[in-house]
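Analysis of the macromolecular model
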Amino acid sequence: MFDNLSEKLDKALHSLKGHGQITEINVAETLKEVRRALLDADVNFKIAKEFTNKVKDKALGQNVLTTLQPGQLMVKIVKDELTELMGGETEGIDLSGNPSVILMSGLQGSGKTTFSGKLANFLKNKKSKKPLLVACDVYRPAAIDQLHVVGEQIGVEVYSDRENNDPVAIAKAGIKHAKSLGCNVVIIDTAGRLAVDEQMMNEIANIHKAIEPQETLFVVDAMTGQDAVNTAKAFNDVLNFDGVILTKLDGDTRGGAAISIKSVVNKPIKFIGTGEKMEAIDVFHPSRMADRILG
Ligand code: GDP
């Protein structure tokens, strides 16, 4: 994960580690390299610039140059700032409702249906919840089939209504069905399109308004880099969602989306998807991710 970025940051910081004497010049050079590494990883230009400025201010504030191990302190500052950039603390999801309704949003192909299954499986096995999956994609029968396959795989009931083409009505009926089954979590999978368009946004906004979910999660493919950040912004403007799910982090992603998304939409990344299997889900820990990136 983010091998290239890790390697470049390691190289950038290497010149500071073990240096007997650190000067303002090599700190400045290091920060330039750090910024370059972030830009290469597809981090937004403004964010990369702000990041290195913050690290510089902190380094000056802590008198890095006069400490005993300036290199190590610089690495720590970079790690702390990277953690902060990705969200600081780990944020959970609100399961206080009865049932708790979780609305999934995102583009087609982002991994919504797969993640809906993963989340249901996670809540069932790790949180002893009884989830119901609801299929609200009224355009693609294959999407409904896919959710049924996923449900069967993990032993979770799926609600769908192939005769109905009103996603709001299906979502409402799904919640009612969950109550009748004694389910305490309802995960609503919705229709996505290949790009942001008005119809999709109106539809998801209508569902959101009608069911007032405890959690609205935005699913995005980490491989799409800056596009992921732009799509997040478009969805957040309409839904004011509660959290981001970054999928396909097992792929050859450069990491820009993971690093930029929190500061652009000011919403936490809550989970990551790391594979196609139902078990490939992890709670997102900003500090652990920073550790991984910086080695
Ligand atoms: P949806 O259109 O948003 O519902 O997307 P899907 O759930 O159908 O996922 C699209 C494709 O991405 C499928 O082939 C999934 O198996 C794959 N996929 C989803 N999540 C991940 C992930 O975390 N890692 C990898 N490698 N593939 C994923």
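Residues numbered from 1 in each chain as written. Predicted model: local features only at pLDDT ≥ 70, side-chain atom pairs only at ≥ 80, totals over all residues. Heavy atoms only, no water.

Some points on the site of the ligand
How we decide: By convention in this text, a residue qualifies as near a molecule or strand provided that one of its non-hydrogen atoms is within 4 Å of it. Two N or O atoms form a polar contact when they lie within 3.5 Å of each other; inside protein one atom must be a possible hydrogen donor and the other a possible acceptor, and for residues adjacent in sequence the pair counts only when both atoms belong to side chains. Accessible surface area values rest on a Shrake-Rupley calculation with a 1.4 Å probe, where residue burial reflects the displayed protein chains alone. Polar here means any residue other than Ala, Val, Leu, Ile, Met, Phe, Trp, Tyr, Cys and Pro, which are nonpolar, and Asp, Glu, Lys and Arg, which are charged; Gly is therefore polar.
Neighbouring the ligand are 17 residues; Gly109, Thr113, Thr114, Asp250 and Glu276 lie closest to it. Measuring from an oxygen atom of the ligand, one finds a side-chain N or O atom of Thr113 at 2.7 Å. Contact between the ligand and Gly275: an oxygen atom at 3.2 Å from a main-chain N or O atom of the residue. Considering the ligand on its own, with 580 Å² of exposed area, one finds that the protein chains cover 80% of that surface. Here the residues of the shell around the ligand sort into one nonpolar, 10 polar and six charged.

Some details on the nonpolar core
Counted only if it meets this: What is meant by a nonpolar core is a set of buried Ala, Val, Leu, Ile, Met, Phe, Trp, Tyr and Cys residues, joined one to another through side-chain atoms within 4.5 Å. A 1.4 Å probe rolled over the protein chains alone gives each residue an accessible area, and that area as a share of the maximum for its type sets the label: buried under 20%, exposed over 50%, partly exposed in between. Numbering of helices and strands runs from the N terminus, with a helix taken as a DSSP run of H or I at least four residues long and a strand as a DSSP run of E at least two residues long. For this analysis, residues touch if any pair of their heavy atoms sits within 4.5 Å.
Counting 71 residues, the largest nonpolar core has Leu5, Leu82, Ile188, Leu246, Ile259 and Ile293 as its most contacted members. By residue number, the principal contributor to this core is helix 4 (residues 70-85), which donates seven residues. Filtering out sequence-adjacent residues up to four positions away, Ile259 remains in contact with Leu5, Leu38, Val43, Leu82, Leu85, Met86 and Ile293. Counting 24 residues, the second largest nonpolar core, distinct from the first, contains Ile102, Val185, Ile187 and Ile281.

Some points on the pairing of strand 7 (residues 269-273)
The line we're drawing: Should DSSP find at least two bridges between two strands, the strands are regarded as paired. Here is how to tell: hold the view so the strands point away, follow the path from the first strand over the helix to the second, and if it runs clockwise the crossover is right-handed.
Within strand 7, five of the five residues are buried, leaving the element largely enclosed by the surrounding structure. The pairing of strand 6 (residues 243-247) with strand 7 spans three bridges and is classified as parallel. The partner of Leu246 across the bridge, within strand 7, is Ile272. As for the winding sense of the linkage, the β-α-β connection from strand 6 through helix 10 (residues 256-265) to strand 7 is right-handed.

Describing the packing of aromatic side chains
To keep things clear, this is the line we draw: Pairing of aromatic side chains here covers Phe, Tyr and the six-membered ring of Trp, requires ring centres within 6.5 Å, and sorts the geometry by plane angle: under 30 degrees stacked, over 60 edge-to-face, intermediate tilted.
Counted according to the given criterion, the structure contains four aromatic pairs. Ring plane angle 50° and centroid distance 5.8 Å describe the contact between Phe115 and Phe271, whose orientation is recorded as tilted. One end of the pair, Phe115, is in helix 5 (residues 112-126); the other, Phe271, is in strand 7, and 156 residues separate them in sequence. Both residues of the pair, Phe115 and Phe271, belong to the buried class.

Examining the environment of Val138
Assignment of secondary structure puts Val138 in the loop between strand 2 (131-135) and helix 6 (141-154). Assessed through its relative accessible area of 23%, Val138 is described here as partly exposed. Along the backbone, Val138 and Asp166 are 28 residues apart, and their C-alpha atoms lie at a distance of 7.2 Å. Dropping the residues within four chain positions of it, Val138 is found in contact with Asn164, Asn165, Asp166, Pro167 and Ile170.

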